[in-house]
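# Tertiary structure, described
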Amino acid sequence: MTGPRTRRTRSGSPSTGAPDGFAAPEDPQAADAEPDPFSVAQAIVYRQLTAAPKSRLQLARKLAERNIPEPVAEAVLDKFQEVRLINDAEFADMWVRSRAQSRKLAKGALRRELAEKGIDQETAASALEQLTDADEEAAARALVERKLRPGTDLAGPGERDKAVRRLASMLARKGYQPSQAFRIVNEVLDSRQDPDNDRLQSRYP
């Protein structure tokens, strides 16, 4: 069986049969054509937002990594922001809820993370209002209880001090203030060493 016939032009060169006004795929000019930066930037932002919510600064950094010209990047980001597909306030609210629940982070750590993502101080403060002091305390206590190794000997020489330092350092990395961290750790260890203490005090004030 023979292949499809190649139509020839008057000059004798093969014709690809491409419709008028369109370059054929093998046309060198088509291969060398530069994609529209605006369309490329839009596609990048769509993909980023589909994967996970992001702040405007995060998206701007991604566009810069892909060598999108800054004026084009700003125009695309403005367009997404106008239709509220980019909203730093909503992003900050979501970030605080998610990280406080999954990572048990305190306000200090959350504030640093929001700043790294380009969230201004006022927007960050508003988002952090949803996390109360009681929420922080409860999260810290839950962390200490979870990290306290079963069977830890707190009565041995220096054992309690080592446990306090280890657990307080863990809370500090989560953004808790040192004084708060040491207080919570000691309170949890006290209850672990003498679980009947509170009950006895309530019976014999």
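Along each chain, residues carry numbers from 1 onward, in the same order as the chain's sequence is written. Whole-chain, interface and lining totals are the exception, using all residues; otherwise, since this is a predicted model, local features are given only for residues with pLDDT of at least 70 and side-chain atom pairs are given and counted only at 80 or more. The side-chain quantities take in all heavy atoms of the structure and omit both hydrogens and water.

The protein chain is annotated in an unreviewed UniProt entry as Regulatory protein RecX of Pseudarthrobacter niigatensis. UniProt positions are given in the numbering used here, feature names are shortened, and annotations may be inferred rather than shown by experiment. What UniProt records for the protein chain under Subcellular location (unreviewed entry) is the sentence "Cytoplasm". Regarding the protein chain, the UniProt comment filed under Sequence similarities (unreviewed entry) reads as follows: "Belongs to the RecX family."

## As for the packing of aromatic side chains
Each pair of aromatic rings taken from Phe, Tyr and Trp, with Trp reduced to its six-membered ring, is defined by centres within 6.5 Å and is described as stacked if the planes are under 30 degrees apart, edge-to-face if over 60, and tilted in the remaining cases. For the structure shown, the criterion picks out two aromatic pairs. Here Y46 and F80 contribute two aromatic rings whose centre-to-centre distance is 4.9 Å and whose plane-to-plane angle is 65°, an arrangement assigned as edge-to-face. In this pair, Y46 is assigned in helix α2 (residues 37-51) and F80 in helix α4 (residues 70-82), connecting sequence segments 34 residues apart. Looking at Y46, the relative accessible area reads 47%, which means it is partly exposed. Only protein chains enter the area calculation, which uses a 1.4 Å probe; residues under 20% of their type maximum are buried, those over 50% are exposed, and those in between are partly exposed. For F80, a relative accessible area of 3% gives the class buried. Helix and strand assignments come from DSSP, with helices taken as H or I runs of at least 4 residues and strands as E runs of at least 2, each series counted from the N terminus.

## Examining the environment of L131
Mapped onto the elements, L131 comes out in the loop between α7 (121-128) and α8 (133-147). Here L131 falls in the buried class, since its relative accessible area comes to 9%. In the structure, L131 is positioned 31 residues away from A100 in sequence and 8.0 Å away in space, judged by C-alpha atoms.

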